[in-house]
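Structural overview for review
Take a look at the letters that make up each chain.
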Amino acid sequence: MSESVITVGNWLQAFFTIVLVSAVFKDNPLYRFAEHTYVGLYAGYGVALTYFNYIRQNVTKGLMTDGEWSLLIPIIIGVLIYTRYIKSISWLSRYTICFQLGIGSGYVLAKDFKPFFVDQVRATFLPLWGSGDWWVDVSNWVYVIGTVCSLVYFLFTIQKKGVQGKVSLVGRYTMMVAFGAAFGNTVMARVSLFLGRMQFLLGDWLHLIK
Amino acid sequence: MKKELPVAITLILAILYVLANYFTGVAFLDTAKNLLDRWYLIVAAWAVLVGSINLTQIHGRRISGKREGWIFSVWLLICLYGMMFFGIFVAKNASHPGWTFMYNQLIAPMNATVYSTIVFYIGSAAYRAFRVRSPEASVLLVTALIMMLGRVPLGRMLLGGHPALSQMADWILNVPNSAGMRGIQIGACLGGVATALRIALGIERGHLGGTGE
């Protein structure tokens, strides 16, 4: 890429970075301009990328070059989603949705159950004593009690009173710790992104830092 | 034809997919599974324009009603269709220099900036949560604080070089965090399975609506 193109790119990046950050102080017309540019470009990018990766691959290569006529079935089912915009035949779009939901629900029933239920339950059966390291034992107790109590919290068919209420409370605190950890990690990730943008502004654009 | 057949198709596909996953080695079921996996992606790809059409409808109404900020809606549609047509008819592939320029110099940096500015909003949300002074909010924030300080040199500096905060952050991440997340995951899985069964059996029919019939 030539030097001038890189310079133009850097100025564009700098402009949009400053304008998008400006919304933190106050909403302004330049921010709204950048926001609409972002949404428009990203949506257009998504459509074109899907065209490159799936539609052209299957229509041009699969159907026309390789002669895979069976591909006509998913293509027709896929196109039926657009009948939503023609009121008299809008019910046809249900075929697209039901096709996706049929495979989707089959996928959940066949593939999600083992990794997200069976394996998770199995992995919770941890040794509670005798590991040789007291800290590992304590951690395992915390792990097992935390998991069981979190599950009890989701039992909505029983009243949360007495022992169940207390167990459910422990579950709520366990989940609060989990949310706190997720929150802390999210903040760190976002700060890291923000530092990256600042490094770009002060380094690549203004050349104030190396 | 309008409701019963789509529901029947859902059930047949779900059963076929489940059978194909449990009875591997049966030629017919293996072929069916491979076809369905591929068809699923193709059908999903064709639906990608629905989002753009919805955006066009929403912003088209703003433009035709000359509502506040309608000029930005015009610009959004120019960007949307400009990028789409540039990609499909000019660039024609993802390695085109113009296409990579648009992504590397505009979309990726804007994406990073938008996500990075969220830190200010979640910061103010955390402050408001802390003002509630409930024990749950305090647990959440103390954990978040340990996680953050345990990941930066400042945390070690505050304790005179001792890695206690970092060790605590690791323990929280590996033990109570995993326990809480596991509970949520198991609950979500059971909910997902129940919903999948309801959809497959035609008990849940909310997705059939929205077509005016």
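Just so it is clear, the structure is predicted and the values come from calculations on it, not from any experiment.

Looking only at helices and strands, chain B features nine helices and zero strands. Referenced to the eigenvectors of the C-alpha coordinate spread, the extents of chain B come out at roughly 70 × 55 × 40 Å. Going through the 213 residues of chain B one by one, you find that 38% of them count as buried. Intrachain contacts of chain B at a sequence separation of at least 6 include 26% that bridge at least 24 residues. Counting only carbon and sulfur atoms, one obtains 69% of the accessible surface of chain B, whose full area is about 11400 Å². Positive and negative side-chain charges of chain B, numbering 17 and 8 respectively, have mean locations separated by a distance of 9 Å.

This part covers the interface of chain B and chain A. The interface of chain B with chain A comprises 116 residues on the first partner and 113 residues on the second. It is W46, F72 and R182 of chain B in chain B that bury the most area against chain A; as a group they hold 7% of the surface buried on that side. The interface formed by chain B and chain A includes three salt bridges. Here E136 of chain B ties to R172 of chain A by a salt bridge, and the two come within 2.7 Å at their closest N and O atoms.

Turning next to the domain arrangement of chain A. What the domain assignment reports for chain A is domain 1 (1–67), domain 2 (68–125) and domain 3 (133–210). Here domain 2 of chain A and domain 3 of chain A have C-alpha centroids that lie 32 Å from each other.

A few words now on helix α4 (residues 93–124) of chain A. With 32 residues, α4 of chain A extends 44 Å between its outermost C-alpha atoms, agreeing within 8% with the 46 Å of an ideal straight helix rising 1.5 Å per residue. Helix geometry: α4 of chain A is bent most strongly at D112 of chain A, by close to 55°, with proline P115 of chain A lying one to four residues after it.

Summed over the entire model, instances satisfying the criterion amount to eight salt bridges over all chains. Here E68 of chain B and R32 of chain A are joined by a salt bridge, their closest N and O atoms 3.8 Å apart. A residue pair is termed interchain when its members come from two chains, as with E68 of chain B in the loop between α3 (48–64) and α4 (70–91) and R32 of chain A in helix α2 (residues 29–65). The shortest N-O distance in the salt bridge between D66 of chain A and K61 of chain A comes to 3.3 Å. Here D66 of chain A falls in the partly exposed class, since its relative accessible area comes to 43%.

Residues and elements named next belong to chain B. On the surface, L11, I15, L19, Y22, F23, V26, F28, L197, L201 and I203 cluster together into a nonpolar patch covering about 970 Å² of accessible area. For the nonpolar patch, the leading source of residues is helix α1 (residues 4–22), giving four residues. As for its position among the elements, I203 is in the segment after α9 (176–200). The exposure class of I203 is exposed, given its relative accessible area of 53%.

Another point: the packing of aromatic side chains. Per the stated rule, a full pass over the model turns up 21 aromatic pairs over all chains. Pairing Y42 of chain A with Y45 of chain A gives two aromatic rings, centres 6.3 Å apart and planes at 55°, and the pair type is tilted. Here Y42 of chain A and its partner Y45 of chain A are both found in helix α2, three residues apart, which amounts to about one turn of the helix. Site record: aromatic cluster; members linked through ring pairs are Y38, Y42, Y45, Y51 and F52 of chain A together with W99 and Y103 of chain B.

What counts, and at which threshold
- Residues numbered from 1 in each chain as written.
- Chains lettered and ligands numbered in written order.
- Predicted model: local features only at pLDDT ≥ 70, side-chain atom pairs only at ≥ 80, totals over all residues.
- Heavy atoms only, no water.
- Helix = DSSP H or I, 4+ residues; strand = E, 2+ residues; numbered from the N terminus.
- Buried < 20%, exposed > 50% of the residue type's maximum accessible area, 1.4 Å probe, protein only.
- Contact = heavy atoms within 4.5 Å.
- Areas by Shrake-Rupley, 256 points an atom, 1.4 Å probe, with all protein chains shown as cover.
- Lys, Arg positive; Asp, Glu negative; His and termini not counted.
- Charge placed at Lys NZ, Arg CZ, Asp CG, Glu CD.
- Buried area = accessible area lost by both parts, 1.4 Å probe.
- Salt bridge = Lys/Arg side-chain N within 4 Å of Asp/Glu carboxyl O.
- Domains from an automatic or database assignment.
- Expected span 1.5 Å × (residues − 1).
- Bend = angle between axes of the 7 residues up to and from the residue.
- Patch = residues over 30% accessible without salt bridge, like charges linked within 9 Å, V, L, I, M, F, W, Y side chains within 5 Å.
- Phe/Tyr/Trp six-rings, centres within 6.5 Å; stacked < 30°, edge-to-face > 60°.

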